[in-house]
Protein chains: 2
Amino acid sequence: MAPLDDSAVLSIGSSEIAFTTDSYTVNPIFFPGGDIGRLAVCGTVNDLSMVGARPLYLSLGLIIEEGFLFEDMERIVESIRNTANEAGVQIVTGDTKVVERGNADGVFINTSGIGLISSGVKISGSGAKEGDCIVVSGYIGVHGMSVVSARENFGFKTQIESDVAPLNHLVQAMLEVTNEVHALRDGTRGGIATVLNEIACQSGVGIEIEEEKIPISEPVRVGCELLGYDPLYVANEGVLVGCIGEEDCERVVEAMRMSPYGENSSIIGRVTSKNRGRVILKTQIGSHRILDLLSGEQLPRIC
Amino acid sequence: MAPLDDSAVLSIGSSEIAFTTDSYTVNPIFFPGGDIGRLAVCGTVNDLSMVGARPLYLSLGLIIEEGFLFEDMERIVESIRNTANEAGVQIVTGDTKVVERGNADGVFINTSGIGLISSGVKISGSGAKEGDCIVVSGYIGVHGMSVVSARENFGFKTQIESDVAPLNHLVQAMLEVTNEVHALRDGTRGGIATVLNEIACQSGVGIEIEEEKIPISEPVRVGCELLGYDPLYVANEGVLVGCIGEEDCERVVEAMRMSPYGENSSIIGRVTSKNRGRVILKTQIGSHRILDLLSGEQLPRIC
């Protein structure tokens, strides 16, 4: 089966809405640059944004282990509130379950969300078209490396702060330039290599990206080298990739760079008619390699 | 703070929708008459139904403990599918997380749901009006006693089967008779005594119910006596209480009895202008007692 989009797109009354759900089990629940609460709001806001919806309403389901510290819970709830305000979404319904000690890992959070899709907006993993440029909205691999470093306590001198952020304002800025935003995906589990593969597969196109154009920060590059990870497959929580109509591409990237959520946006490649269903990386030494789908799970419980 | 309704009621485009979420952590996950999957669909369908919405779309979030048996998961997913078909709702979006052994209790399920509210329908815990009759849709306390018996393995000779069921068709049958359905609540945690208290408090009315009119099955009555529970406070997953305009009451109850989900529907009391905010039980010997809100949790993890 082809991968699905990040949200379901549904009709309700005369409106088109997006609906999505995600459970968050990240370990540790506090990590540099974020926490499970911020992650739970951003993840669902971003899934709605990736089909072009304006996120409006979120639900919040908490499963709390008996004995979980009240002050930690308070910190998480405050983080949820702040992030919801930042994204401009309302948390309208919630549920809390407490399970006996030993029956959950501190706290698990589920957020579901509803967004409204404006008429004329049609964004899907199956929407990429030949000639589209591929954009990425920032430095890749930061969230995954942040969580892994915090969990394993490697003692890197440079602390890597997660980029976890709501991307809805960034997507709205892109859509103010043009409706020719054909495909969007946030590069969560499996990183940008995986989501580009999903787009190539769903859209039946080839994708070519150039290694030297991909924004990677020095700490992530070094951390990945030390640990044997490929940053193209490491999770992001504040970075999207998009396929944009050729003619509007430069203007879209300019608008993205104006947003605090996309200052390091770059064009990293293009959609091709050859190599359908595949993602090809042009390396810095000029050779080509196929970026396969990730098998197994490189980074467990980073979200 | 006054208790809220079972679902949030929201505007989206030109439509009025309901949105709700619930996590399910029931232990044991299979119990006589149901399982965590059926519970997760029914609970959310019912929360939508209690504000008069027609449930349309459900999300499904699974948190699975490593090592959980595949055949159990298959049984649960099949139960989810069958119950969604029974209720006539579509599961449109989902998410699965696996956590390490020991970090969850088998499986936790979150379902969120969206329903559409027809114009003219206005049902809320704050909507009860003086003179309304109080209806209950079936035998009470069955789900809670079923789960507790299964968990503690009391070896009762009569197995009590949970009544867990989707109540949306029943509510639609009520609304086909009249829009004078003022308040609805399914009697989940805390039983019908608790939800009647919520309605009395939210609506600022008194509620009087008559003990002898409350449908209680013999096995539940005996089980409760043995264990020291009050069936009025034991959880239900297939029973609602409603406040119906006096003039339409008989016809509504007739319609409810025609539904397979409300065969044992009964009028058990009425809404009064005295004793505002309180629920008064007229006992079989003619005395009156106040049914308080339950403090603490009589039955942990029955949902």
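Criteria and cut-off values
Residues numbered from 1 in each chain as written. Chains lettered and ligands numbered in written order. Predicted model: local features only at pLDDT ≥ 70, side-chain atom pairs only at ≥ 80, totals over all residues. Heavy atoms only, no water. Helix = DSSP H or I, 4+ residues; strand = E, 2+ residues; numbered from the N terminus. Rg over C-alpha atoms; globule rule 2.2 N^0.38 Å. Buried < 20%, exposed > 50% of the residue type's maximum accessible area, 1.4 Å probe, protein only. Contact = heavy atoms within 4.5 Å. Areas by Shrake-Rupley, 256 points an atom, 1.4 Å probe, with all protein chains shown as cover. Lys, Arg positive; Asp, Glu negative; His and termini not counted. Charge placed at Lys NZ, Arg CZ, Asp CG, Glu CD. Pairing = 2+ DSSP bridges. Axes fitted to C-alpha atoms, helices over the stretch in contact; angles between N-to-C directions. Least-squares fit on C-alpha atoms with pLDDT ≥ 70 in both.

Observations concerning the overall build of chain A
On a plain count of helices and strands, chain A comes out with seven helices and 14 strands. A globule of 303 residues ought to have a C-alpha radius of gyration of about 19 Å, and chain A, at 19 Å, matches this closely. Its C-alpha atoms give chain A principal-axis dimensions of about 55 × 55 × 40 Å. Relative to its full complement of 303 residues, chain A shows a buried share of 61%. Residue pairs at least 24 apart in sequence account for 85% of intrachain contacts in chain A once pairs closer than 6 positions are excluded. As displayed, chain A offers around 12,100 Å² of accessible surface, 46% of which is attributable to carbon and sulfur atoms. One way to put it: in chain A the 23 positive side-chain charges average out to a point 4 Å from where the 41 negative ones average out.

Quick look at the sheet that holds strand S12 (residues 266-272) of chain B
Residue and element names in this part refer to chain B. Strand order across the open sheet formed by seven strands is S9-S11-S8-S12-S10-S13-S14, with mixed pairing between neighbours. Only two strands of the sheet have a single partner each, and these edge strands are strand S9 (181-186) and strand S14 (288-290). In this sheet, adjacent strand axes meet at a mean angle of 25° when their direction is disregarded. Bridge count between strand S8 (residues 133-136) and S12: four bridges; the pairing is antiparallel. By the bridge assignment for S12, valine 136 is matched with serine 266.

Observations concerning the sheet that holds strand S2 (residues 15-24) of chain B
Residues and elements named next belong to chain B. Here we have five strands laid out as an open sheet, ordered S1-S2-S7-S5-S6, and mixed in their pairing. Looking along the sheet, the strands with just one partner apiece sit at the ends: strand S1 (8-12) and strand S6 (90-99). Going across the sheet, the axis of each strand differs from the next one's by a mean of 20°, ignoring polarity. Examined bridge by bridge, strand S5 (residues 53-65) and strand S7 (residues 107-117) share eleven bridges and lie antiparallel to one another. In the sheet register, leucine 62 faces S7, and the bridge partner there is isoleucine 109. Helix H1 (residues 36-49) contacts S2, S5 and S7 of the sheet and is inclined by roughly 150° relative to S2.

Things to note about the environment of cysteine 201 of chain A
Within the secondary structure, cysteine 201 of chain A sits in helix H5 (residues 191-203). Spatially, the C-alpha atoms of cysteine 201 of chain A and serine 265 of chain A are 24 Å apart, while their sequence positions differ by 64 residues.

Things to note about the relation of the copies chain A and chain B
You can overlay chain A on chain B at an RMSD of 0.0 Å; the transform is a turn of 180° with a shift of 0.0 Å along its axis. Viewed as a symmetry operation, the transformation between the two copies matches a two-fold axis. Closest approach to the rotation axis among the C-alpha atoms of chain A is made by alanine 104 of chain A, whose C-alpha sits 2.2 Å away. Taken together, the interface assignments show that 100% of the residues at the interface of chain A recur at the interface of chain B, consistent with an identical surface on both copies.

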